[in-house]
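Structural description and commentary
Below, each chain spelled out in residue letters.
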Amino acid sequence: SKCAMKIAWSIIANTVVIALSVTLLGQSPAPNPLHRTYREGETLVYQMTGINEDWHYSLRATGAVKKNDKGHYFEEFRWIDMTSDGKPYAMTPVMADFRQKLSLDPNIAPPMPDLSKVDPNLIGPITDMMTFYVDLWLPAMMGSLKKPGDHFQFKTGRSNSWADGTRVLIGADSIDFDFTLQSVDTTVGIATLEVKHVPPAAPPIPLPGEWMKTPIADTPNNWVEVVKQPDGKFEAGVGQETFTVDLTISLADGRILSGTMDNIVKTIHRTCDDQALTQCTAAIPHQIERKIEIALEP
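Everything quoted here is computed from the prediction, not taken from an experiment.

Turning our eyes to something else, we now look at the environment of Lys66. Mapping Lys66 onto the fold places it in strand β2 (residues 55–67). Assessed through its relative accessible area of 35%, Lys66 is described here as partly exposed. In the structure, Lys66 is positioned 25 residues away from Gly41 in sequence and 6.3 Å away in space, judged by C-alpha atoms. Look past the residues within four positions of Lys66 in its chain and what remains in contact with it is His72, Tyr73, Phe74 and Glu76. A polar contact is formed between the side chain of Lys66 and the side chain of Glu76, at a distance of 2.6 Å.

Here we come to the pairing of β2. With 10 bridges joining them, strand β1 (residues 43–52) and β2 adopt antiparallel strand pairing. Paired with Leu44 across the bridge in β2 is Gly63. Linkage of β1 to β2, two consecutive antiparallel strands, is achieved through a turn of two residues, within which Glu53 is found at a positive phi near 55 degrees. The pairing of β2 with strand β3 (residues 73–84) spans 10 bridges and is classified as antiparallel.

A few words on the state of the cysteines. Here the structure, examined in full by the defined rule, presents one disulfide. Residue pairing for Cys272: its cysteine sulfur links by disulfide to Cys280, the two sulfurs lying 2.1 Å apart. Measuring handedness by torsion sign, the sulfur bridge of Cys272 and Cys280 sits at about 100 degrees and is right-handed. A relative accessible area of 0% places Cys272 in the buried class. The exposure class assigned to Cys280 is partly exposed, which follows from its relative accessible area of 26%.

Below, the discussion takes up the packing of aromatic side chains. Under the counting rule described, the total for this entry stands at seven aromatic pairs. When the centroid spacing of 5.5 Å and the interplanar angle of 25 degrees are considered together, the rings of Tyr38 and Tyr73 count as stacked. Taken as a pair, Tyr38 in the loop between α1 (2–23) and β1 and Tyr73 in strand β3 lie far apart in primary sequence, 35 residues in all. An angle of 20 degrees between the planes, with centres 6.0 Å apart, marks the rings of Phe177 and Phe179 as stacked. The buried category is assigned to Phe177, whose relative accessible area is 1%. In this structure an aromatic cluster arises from ring pairing among Tyr46, Phe77 and Tyr133.

This part covers the pattern of salt bridges. Working definition: two side chains of opposite charge can pair if their charged atoms are close together. Taken as a whole, this structure holds 13 salt bridges when the rule is applied. Residue Arg60 is joined to Asp81 by a salt bridge in which the shortest nitrogen-to-oxygen separation is 2.8 Å. With Arg60 in strand β2 and Asp81 in strand β3, this pair connects stretches of sequence that are 21 residues apart. Where Glu76 meets Lys66, a salt bridge forms, and the shortest distance between an N and an O atom there is 2.6 Å. Taken together, the residues Glu76 in strand β3 and Lys66 in strand β2 connect sequence positions 10 residues apart. Overall, the relative accessible area of 18% leaves Glu76 in the buried class.

Let us now look at the environment of Ile190. On the secondary structure map, Ile190 appears in strand β10 (residues 190–198). Residue classification places Ile190 among the partly exposed positions, given a relative accessible area of 25%. Sequence separation between Ile190 and Leu34 is 156 residues; the distance between their C-alpha atoms is 9.7 Å. The residues touching Ile190, leaving out its near neighbours within four places in the chain, are Ser183, Val184, Asp185, Thr248, Ile249, Leu251 and Leu257.

Although it is not a glycine, Asp81 sits at a positive phi angle of roughly 55 degrees. Of note in the backbone geometry, Asp85 takes a positive phi value of approximately 50 degrees without being a glycine. Structurally, Asp85 can be placed in the loop between β3 and β4 (87–88).

Parameters and conventions
- Residues numbered from 1 in each chain as written.
- Predicted model: local features only at pLDDT ≥ 70, side-chain atom pairs only at ≥ 80, totals over all residues.
- Heavy atoms only, no water.
- Helix = DSSP H or I, 4+ residues; strand = E, 2+ residues; numbered from the N terminus.
- Buried < 20%, exposed > 50% of the residue type's maximum accessible area, 1.4 Å probe, protein only.
- Contact = heavy atoms within 4.5 Å.
- Polar contact = N/O pair within 3.5 Å; in protein donor to acceptor, adjacent residues only side chain to side chain.
- Pairing = 2+ DSSP bridges.
- Disulfide = S-S within 2.5 Å.
- Phe/Tyr/Trp six-rings, centres within 6.5 Å; stacked < 30°, edge-to-face > 60°.
- Salt bridge = Lys/Arg side-chain N within 4 Å of Asp/Glu carboxyl O.

Spelled out as structure tokens, the structure:
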């Protein structure tokens, strides 16, 4: 859905900002249980399945490990074999040439993919895949999670916008990161990592309507959108966005073996006659739920 695509955009903005910010802090030395050991030419194939409200889909990302001109490793993926609600889905022709670059190399920040021409139905999978990678890249690069129970938080202090200034007058969210190394099992060679994306204590987002300042859940509202309608009215929404990522990682080489993402946005929406959002209809609740899973094929 269009709303889920906006959520994906906001997630990608958060993760890239975090990645670039932490790069400036310096790196903790390896080894650590999340460290990625690359082998040039290695191939990886991930199966992704997703549920976005009523939409069910699946597809595969097939990739190979390469090295850039500075000697830093990355994984280059192409997306294939998509199904939509159980039926084969023909991606737009541009996807045949699209390649997504991802990396767990601590020396480079994950690159932002160019989504300007991709199939709209692939924006969610592409940005979700990057979220899985950045959620591991950040703690692996910092090297602060060594043993089960180790934990740290990263507060962004930022808001992220998808407003275009014409139709979407306001579109913003703000999310902090909470990392926990859940387990390190040397007998089976697997580590598990939990990453919670949570509302800040005081989200720095614009809330033009007084009614928007009342929390609709158990935290301050950290998601807002105001859209101008063709009839001159304003569709306004506010709410709480959270998501949790769980990753299973190989201790042998740091590859992601599997991952799950549970993304929930709880909102209320009103139709307003004025841009100040003072003359509005009664609030209508709406909850967006997304569940994404990836698994590395043998």
